[in-house]
Amino acid sequence: MNPSAVADRNVADILVEALPYIQQFSTKTIVIKYGGHAMVDDKLKRDFANDITLLKYIGINPVVVHGGGPQISKVLSAMGITSTFIRGMRYTDDATMDVVEMVLGGKVNKDIVARINQEGGRAVGLTGKDGSLILAEKMKIYVQDDQEKPPEIIDPGMVGDVVSVNPEIIHTLTAKGFIPIIAPVGVGKNGETYNINADVVASRIAASLEAERLILLTDVDGVLDADNALVSSINDQRIGQMIGNKEIKGGMIPKVECALTALKRGVKKTHIINGKIPHAVLLELFTDSGIGTQVFVNGPS
Ligand SMILES: Nc1ncnc2c1ncn2[C@@H]1O[C@H](COP(=O)(O)OP(=O)(O)O)[C@@H](O)[C@H]1O
Ligand SMILES: CC(=O)N[C@@H](CCC(=O)OP(=O)(O)O)C(=O)O
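Parameters and conventions
Residues numbered from 1 in each chain as written. Chains lettered and ligands numbered in written order. Predicted model: local features only at pLDDT ≥ 70, side-chain atom pairs only at ≥ 80, totals over all residues. Heavy atoms only, no water. UniProt positions renumbered as here; feature names shortened; annotations may be inferred. Near = heavy atom within 4 Å. Polar contact = N/O pair within 3.5 Å; in protein donor to acceptor, adjacent residues only side chain to side chain. Helix = DSSP H or I, 4+ residues; strand = E, 2+ residues; numbered from the N terminus. Buried < 20%, exposed > 50% of the residue type's maximum accessible area, 1.4 Å probe, protein only. Contact = heavy atoms within 4.5 Å.

An unreviewed UniProt entry lists the protein under the name Acetylglutamate kinase, from Desulfotignum phosphitoxidans DSM 13687. On record in UniProt, under Sequence similarities (unreviewed entry), the comment for the protein is "Belongs to the acetylglutamate kinase family. ArgB subfamily." The protein has a UniProt comment under Catalytic activity (unreviewed entry) that states "N-acetyl-L-glutamate + ATP = N-acetyl-L-glutamyl 5-phosphate + ADP".

Engineer: With reference to specific residues and values, describe the site of ligand 2.
Structural biologist: If you check the shell around ligand 2, you find 16 residues, and the closest are Lys33, Gly36, Arg90, Asn195 and Ala198. Within the backbone of Gly36, a nitrogen or oxygen atom sits 2.7 Å from an oxygen atom of ligand 2. Secondary-structure elements contributing two or more residues to the shell around ligand 2 are helix 4 (69-78) and strand 4 (89-90). When residues in the shell around ligand 2 are grouped by element, the largest group, three residues, is from helix 4.

Engineer: Tell me about the UniProt feature "binding site: substrate" (unreviewed entry) in the protein, and name the residues and values.
Structural biologist: UniProt marks Gly68, Gly69, Arg90 and Asn195 with the feature "binding site: substrate" (unreviewed entry), using the numbering shown here. For the annotated residues, spread through 128 residues, the largest C-alpha to C-alpha distance comes to 11.8 Å, consistent with a single compact locus. With respect to the secondary-structure elements, Gly69 resides in helix 4. As for its placement among the helices and strands, Asn195 is situated in strand 12 (residues 193-195). Its relative accessible area of 8% is what places Asn195 among the buried residues. Setting aside anything within four residues of it in sequence, one finds Asn195 in contact with Arg90, Thr92, Met97, Val100, Met158, Val159, Gly160 and Pro184. A polar atom in the side chain of Asn195 sits 3.0 Å from the side chain of Thr92.

As structure tokens, then:
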């Protein structure tokens with residue numbers, strides 16, 4: 001639905017339309033991945049903080065996993081370091097890892113926490129190290145440019161994959177009325193620090209919490225086809241085709257792959273939506289038409 005169409009509607013109508021959704025989601029867990037590209041300006045950041053606070057007040061358990069890719073790149077470039085990305089993952093040497101941990105676990109995480117608390121919510125910031133939330137290991141990235149040759153394995157440095165999630169700390173916080181805000185930094189079995197793509201963390205956290213919804217907020221309306229038209233529903237087969245013919249590229253690759261992983265691991269529904277639309281989270285959850293792309297396993301394409 002066009003967001004301005006929502007604004008023109010009678011407030012009472014909107015509230016009534018929202019009621020069955022509020023009833024459906026009450027006491028359920030909704031995981032929201034807040035991408036760095038959606039953290040655009042003060043107004044949008046405030047809208048996001050409002051949405052999350054409102055969800056908690058009406059009895060839903062929101063859990064936020066945030067990114068911060070552009071924010072990391074800005075600090076790295078001020079230090080004269082240029083990042084390279086392999087299939088949407090930032091090559092992470094030791095110096096880059098330090099910056100990633102400082103930016104994600106520090107500035108970005110605390111900004112989101114402070115904004116939600118400003119709106120009357122009770123947010124608590126965590127990285128995957130806190131409460132041993134995310135056990136990680138080095139990710140192996142397979143790249144196959146030539147179908148005739150076997151895939152090449154690329155060493156991405158300290159890029160991590162999630163081995164397991166221990167959600168105890170999240171359950172403890174949500175039960176006490178807090179909203180967990182999670183930075184995608186993981187810990188290895190020898191205490192080493194890993195940089196994990198935030199989409200990967202969001203999908204595994206959502207699975208571990210048996211979440212009702214995983215919502216991935218980004219800076220485009222959802223998955224776009226070759227004509228830049230929104231694909232409002234997509235299944236695993238079409239995802240494979242669109243990655244294969246490079247219609248889905250870069251940062252959208254981990255997003256669609258993670259949406260599928262979440263569904264296969266028991267999350268009920270997953271949507272990729274434009275976080276630059278004011279109150280995108282509320283529009284997605286509480287209106288009949290919703291926005292963005294819904295991802296399916298074996299479903300409609
Ligand atoms: N088929 C596609 N549809 C939409 N976006 C795509 C597609 N292929 C690549 N992209 C890119 O993926 C980006 C979103 O990923 P990313 O930049 O990592 O965002 P975020 O910071 O929200 O995780 C879009 O801005 C777009 O440039
Ligand atoms: C391994 C890897 O690429 N990690 C990401 C972590 C942040 C992230 O995922 O941020 P967005 O969601 O804003 O893209 C990075 O270094 O940029």
